[in-house]
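# Results of the structural survey
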Amino acid sequence: MTSMLLSLSKITKSYQTAEGPIQILKGIDLQLARTESVALTGESGSGKSTLLHLAGGLDRPDAGTIVVNGRDIGALDDSGRARYRRNEVGLVFQQFNLIPSLDVAANISFHAKLAGRFDPDWEHELMQQLGLSRLLARYPEQLSGGQQQRVAIGRTLAARPSLVLADEPTGNLDEATGDAVLDLMLSLSRSAGSALLLVTHSMRLADKLDRRVVLRGGRIVA
Amino acid sequence: MKQAAFLALLSHWRHRPLQLVTLILGITLATALWSGVQAINAEARASYARAASILEQNGLPQLLPRDGGSIPTAVFAKLRRAGWSVSPVIEGDYRFGPVRIRLIGVDPLTLPNEGPAFPISGSSEFVDFVHGGGQLVVSPATAVRLKDVAAMPLKVSGDIPDDAAFTDIGVADRLLNRRGALSRIVMAPEQRPDLPALETVAPELTRQSAGDRPDVARLTDSFHLNLTAFGFLAFVVGLFIVYSATGLAFEQRRATFRTLRSLGVSLRSLTAMLIIEITSFAFVSGLMGVVIGYFVASALLPGVAATLRGLYGASVPGALSLRPEWWLAGMAMAVAGTALSSVQSLWQVRRMPILTAAQPRAWARASATALQLQSLAGAILLGLAISMAWAGSGLASGFAVLGGLLLGSALLLPAFLSKSLQLAEGRSRKALTVWFWADTRLQLPGLSLALMALLLALAANIGVGTMVSSFRLTFLGWLDQRLAAELYVTARDEDEAARLRDWLPQHSNAVLPIWSIEGNILGDQLQIFGVADDSTYRDHWPLIGGTAGVWDRVAEGQGALVNEQLWRGKGVQPGQTITLPGEWPVAVVGVYSDYGNPRGQVIVGLDALVRHYPNVPKLRYGIRVDPAAAADLKRQIVQEFGLPGSNVVEQDSLKRQSRAVFEQTFAVTGALNVLTLAVAGFAMFASLLTLSGIRLPQLAPVWAMGLRRRDLALLEIARTLALWLATFVAAIPVGLALAWVLLAIVNVEAFGWKLPMTIFPADWLRLGAVALVAAVLSVLLPVRRLATVNPADLLRVFANER
Ligand SMILES: Nc1ncnc2c1ncn2[C@@H]1O[C@H](COP(=O)(O)OP(=O)(O)OP(=O)(O)O)[C@@H](O)[C@H]1O
Ligand SMILES: [Mg+2]
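All figures in this text were calculated on a predicted structure; none of them were measured in a lab. (Residues numbered from 1 in each chain as written. Chains lettered and ligands numbered in written order. Predicted model: local features only at pLDDT ≥ 70, side-chain atom pairs only at ≥ 80, totals over all residues. Heavy atoms only, no water.)

### A word on the interface of chain A and chain B
- Taken residue by residue, the interface counts 26 residues in chain A and 29 residues in chain B.
- Across the interface of chain A and chain B, roughly 2,500 Å² is buried in total on both sides, 63% from carbon and sulfur atoms.
- When residues of chain A are sorted by the area they lose upon contact with chain B, Phe96, Ser101 and Phe110 of chain A head the list and together hold 21% of the total.
- Put simply, chain A and chain B have zero salt bridges between them.
- Counting residues per element, the side of chain A that touches chain B draws most heavily on helix 2 (residues 78-87) of chain A, which supplies five residues.
- The residue makeup of the side of chain A that touches chain B, split by class, is twelve nonpolar, seven polar and seven charged. (Contact = heavy atoms within 4.5 Å. Buried area = accessible area lost by both parts, 1.4 Å probe. Salt bridge = Lys/Arg side-chain N within 4 Å of Asp/Glu carboxyl O. Helix = DSSP H or I, 4+ residues; strand = E, 2+ residues; numbered from the N terminus. Nonpolar A, V, L, I, M, F, W, Y, C, P; charged D, E, K, R; others polar.)

Structure below.
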């Protein structure tokens, strides 16, 4: 068990709505080993994003435990969870990942510097691999969607988090670009030594990862 | 259909009540300050006009004594006999116990009908007026003050200015002890054509034609211009608020606009609805603004009235009357201002295509070219201001310099802040600080209007504060010099004065007569004082320029001193010879400062004054004694002569009164300063609130990377404070420049005196602290929202719902 990087057990989560509370997650058990890559799939509205947010310390579950690196992050207070996000996870979303006021170079090194793990050589390699070297002085609004997502991936991996959580990072991209970006993300997160939990709708993309799990009816079914 | 569409548009405000409040308050505040100031001006102008028409009868041509003295009854009789249609006037100050009023004695039988309507009608009233016991016609306010002290029947008339009383000429003659000496003679505008010329009948008189504008109105012009400038400044700052509030409301309703149009609402009816909406807001808040403005004006008016009395001797009532034209003007300003500040948003709606995805707000994004253009305009305005300060002259040019300076620096502010932030960003090492500065720069376009308003308010505060403090320092020093005698005594009549002249020398160190007459010098009616040859003057009198042996020449009757106003206003230089009334040429030997006096003044040796004008009233005296003995001596004088206590004044109380007048003078300015600052603070609040609505996408990534909402909130406060500090720092040189323009240009043109500028950094600190509190207050609500924002709202940023 302790060899597991992320371990979710009996997680439940419900939202208040106008029609009363609806339970989205009804007891999730899921484990990720170090450097393992797992695809999380499921119908729209099944709760994939919700689960990812819980694992990322962005939100709290109603019940259940979330253990990362042997520590229960469900027990952490606001500051503890902020520290957890800063030091142990990296998040990539579908959009609005970047800080609009900073240029590409500053965006990429931002998280690494916050976490105190800034490594110029590693960052240089990332920029080369992601093909960002010539965009460093641009601002997010001057980039295409694919370029923005590559910057977001570069920023996350530059900080070498032990766990990368990605919520449809290629959802806004065309198929070819999406494939290329995902391939890069997989190989680079391996070099960074990070585990990857990736939400996607695409079976084709899911097959590139070590393992695939499906969320249905509030539970992990496969 | 239309109704449904309109309701859909309006529903926006139900969801954003705070935005609605901001918009309404913006218009209300702008209108309130503007119309408040206008109300004060209108009241003052009306009272000048009233005073001029009734008191000075300036609607009629007049005859005045050439030498500034009085007119013997015989001269008047000669004119009547020659067929002139003229009427005599005797006027002067008179005391009923503690109440001093201007007594105007007229002859209702001969008063020309063309003049201002005289408030006596019907034969019974006429009989009361001319009846031997006498009757005083006074304003309601004066009647209240005189009720217990004047042993004469009073008749109240609304047309009479405060602190004045009309009475029959016989009564005035008796009360003022004139023995038939007339003050002036008013003429009917139409005279018989075959009259002998004035020069042959009465060569000792000069003719003054009917004036269209009262003197006091001209004198106080600059004061009212000042008030107007302040009111306008506040109005503009208020419009900044309206501008940002409407901009946001339109931006947030883009989707609604688009939906309505795709549902078949034409662009024309959409625009019409928006115009109706904004106009109704303008009406409602304009109305509130005018009402509040009325109260602001009522609160300020007593202070203004005191100022005008202290500075110019102009009498303005302390209560406000309601004028319909002023209500209309206030409403019109509110509607016009609102229209002006929403025209850009309306224009954008008209150009908005039906089908494009919602764009990020264009007006919040920095447009580099716009910033450059704005800075260029600012630099040009500053340049113009500087060259005009250098080359221009006149009050109008002084105010143009002020306007150019303020507007130019305000326009330059965003570029200055942007550069400073860039500099700070370049010097930062830590990721978070780099982000902090960069993100602050991103907020600049949305905040720059509010910051410009803040700069204007701060600079106005520093500038006017520096002027007032410099003035206070100079004025107090000058008072010490000017009021050197320990006691000031005024005799009730010439006999008593003669007895005082005998008695006083044995009981004091020196007796300094303060005798003066009025007369025409260089075309203006001025005061001429005589001074004794005494060390008091040699040691203390505040000379600002003069030739060697000034006081010897004055004592010998060879030289005269002129005050600064005469020196600057008429260009009278030391060494020059001027002609005093009665063809008396004297050489100007020096210039002295004479703050607070709107008119020119001349000082000559006492003996020479008496020699040339034997009839000069000899009632007032300054007395030098050991300061410790002053109170004793006062008691003695009161006992010995039975003088009322108010006729013997100690130096201390005189200084106290002068200081009180001074403080009162600038109380209004201070109040307007504070109000302007408050409006600027509110503008800041409105902008921050506006921005906080669009901040989430900018802040969410930073939050996701491990910053607490609390940290973000703290940084948000720090950001506001950094911008506030930079603006404050920029405001100091602007404020000092403003003070310099006020002291060295506007004051000289408006009042005729120049003051040395003194800098009071402690005052800036106090102002800074007040502005700081305003800045913190303005950011409190937006930050509280941020600190408690629901994580779900932050997460929604990343979901594909946007
Ligand atoms: N803040 C919230 N308040 C109420 N309901 C919410 C909230 N956030 C999510 N939900 C609901 O919870 C359910 C799961 O949402 P979630 O975003 O996790 O789904 P998802 O699996 O990521 O869907 P998609 O594939 O479309 O992204 C949905 O029905 C959604 O409407
Ligand atoms: Mg999702």
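Having seen the model, we can carry on.
### Here's the deal with the packing of aromatic side chains
- This model, assessed by the stated rule, comprises 13 aromatic pairs over all chains.
- With 5.5 Å between their ring centres and 85° between their planes, tryptophan 503 of chain B and phenylalanine 641 of chain B make a pair best called edge-to-face. Within this pair, whereas tryptophan 503 of chain B is found in helix 15 (residues 494-503), its partner phenylalanine 641 of chain B is found in helix 20 (residues 630-641), the two being separated by 138 residues in sequence. Here the two residues tryptophan 503 of chain B and phenylalanine 641 of chain B agree in accessibility, since each one is buried.
- Relative to tryptophan 541 of chain B, the ring of tyrosine 537 of chain B has its centre 5.7 Å away and its plane inclined at 65°; by these criteria the two rings are edge-to-face.
- By relative accessible area, tyrosine 537 of chain B is classed as buried at 9%.
- Tryptophan 541 of chain B sits in the buried class, given a relative accessible area of 13%.
- Ring-pair connections join several aromatic residues into one group, and the members of that group are Tyr537, Trp541, Trp551 and Tyr592 of chain B.
- Geometry around tryptophan 703 of chain B places arginine 85 of chain A over its ring, the cationic atom sitting 4.8 Å from the centre.
- One residue, lysine 618 of chain B, lies across the ring of tryptophan 515 of chain B, its end atom 5.8 Å from the ring centre. (Phe/Tyr/Trp six-rings, centres within 6.5 Å; stacked < 30°, edge-to-face > 60°. Buried < 20%, exposed > 50% of the residue type's maximum accessible area, 1.4 Å probe, protein only. Lys NZ or Arg CZ within 6 Å of the ring centre and 35° of its normal.)

### Description of the sheet that holds strand 6 (residues 164-168) of chain B
Residues and elements named next belong to chain B.
- Within the open sheet, the eight strands sit side by side as 5-4-6-3-2-7-1-8. Their pairing is mixed. In this open sheet, the two strands that pair with only one neighbour each are strand 5 (154-156) and strand 8 (205-208). Averaged over all neighbouring strand pairs, the angle between strand axes comes to 30°, with direction disregarded.
- Summarising the sheet, strand 4 (residues 136-138) and strand 6 pair through two bridges and their orientation is antiparallel. Within strand 6, the residue paired with valine 138 across the bridge is alanine 165.
- Against the sheet, helix 3 (residues 73-81) makes contact with strand 1 (62-65), strand 2 (86-96), strand 7 (184-187) and strand 8, and its axis sits at roughly 155° relative to strand 2, the strand it touches most.
- Against the sheet, helix 6 (residues 169-176) engages strand 2, strand 3 (99-106) and strand 6, with an angle of about 45° to strand 2. (Pairing = 2+ DSSP bridges. Axes fitted to C-alpha atoms, helices over the stretch in contact; angles between N-to-C directions.)

### A closer look at the site of ligand 1
- Around ligand 1 there are 14 residues in total, and Ser44, Gly45, Lys48, Ser49 and Thr50 of chain A lie nearest to it.
- The residues that come close to ligand 1 belong to more than one chain, namely chains A and B.
- Here an oxygen atom of ligand 1 and a side-chain polar atom of serine 44 of chain A are 2.5 Å apart.
- About the coverage of ligand 1: the protein hides 69% of its 630 Å² of free accessible area.
- Breaking the shell around ligand 1 down by element, the ones donating at least two residues are strand 1 (4-17) and helix 1 (48-55) of chain A. (Near = heavy atom within 4 Å. Polar contact = N/O pair within 3.5 Å; in protein donor to acceptor, adjacent residues only side chain to side chain. Areas by Shrake-Rupley, 256 points an atom, 1.4 Å probe, with all protein chains shown as cover.)

### Observations regarding the pattern of salt bridges
- Here the structure, examined in full by the defined rule, presents 23 salt bridges over all chains.
- Glutamate 91 of chain B is the salt-bridge partner of arginine 184 of chain B, the closest N and O atoms lying 2.6 Å from each other. One end of the pair, arginine 184 of chain B, is in strand 7; the other, glutamate 91 of chain B, is in strand 2, and 93 residues separate them in sequence.
- Here glutamate 91 of chain B falls in the buried class, since its relative accessible area comes to 14%.
- Salt bridges sharing partners connect three or more residues here, namely Glu175, Asp179 and Arg204 of chain A.

### Topic: the environment of leucine 346 of chain B
- Within the element layout of this structure, leucine 346 of chain B appears in helix 11 (residues 324-351).
- A sequence separation of 76 residues divides leucine 346 of chain B from leucine 270 of chain B, and the C-alpha atoms of the two residues are 10.0 Å apart.

### Observations concerning the packing of helix 4 (residues 120-130) of chain A against helix 5 (residues 145-158) of chain A
Residue and element names in this part refer to chain A.
- It is the contact of helix 4 with helix 5, at a shortest axis distance of 10 Å, that shows an interaxial angle of 155°. Accordingly, the angle class assigned to the pair helix 4 and helix 5 is roughly antiparallel. The way helix 4 lies across helix 5 gives a crossing that is right-handed. Across the interface between the two elements, Trp122, Leu126 and Leu130 of helix 4 pack against Arg150, Gly154, Leu157 and Ala158 of helix 5.
- Here the contact of helix 4 with helix 5 is composed, by residue class, of five nonpolar, one polar and one charged. (Parallel < 35°, antiparallel > 145°, perpendicular 65-115°, else oblique. Left-handed = near helix turned anticlockwise from the far one by under 90°.)

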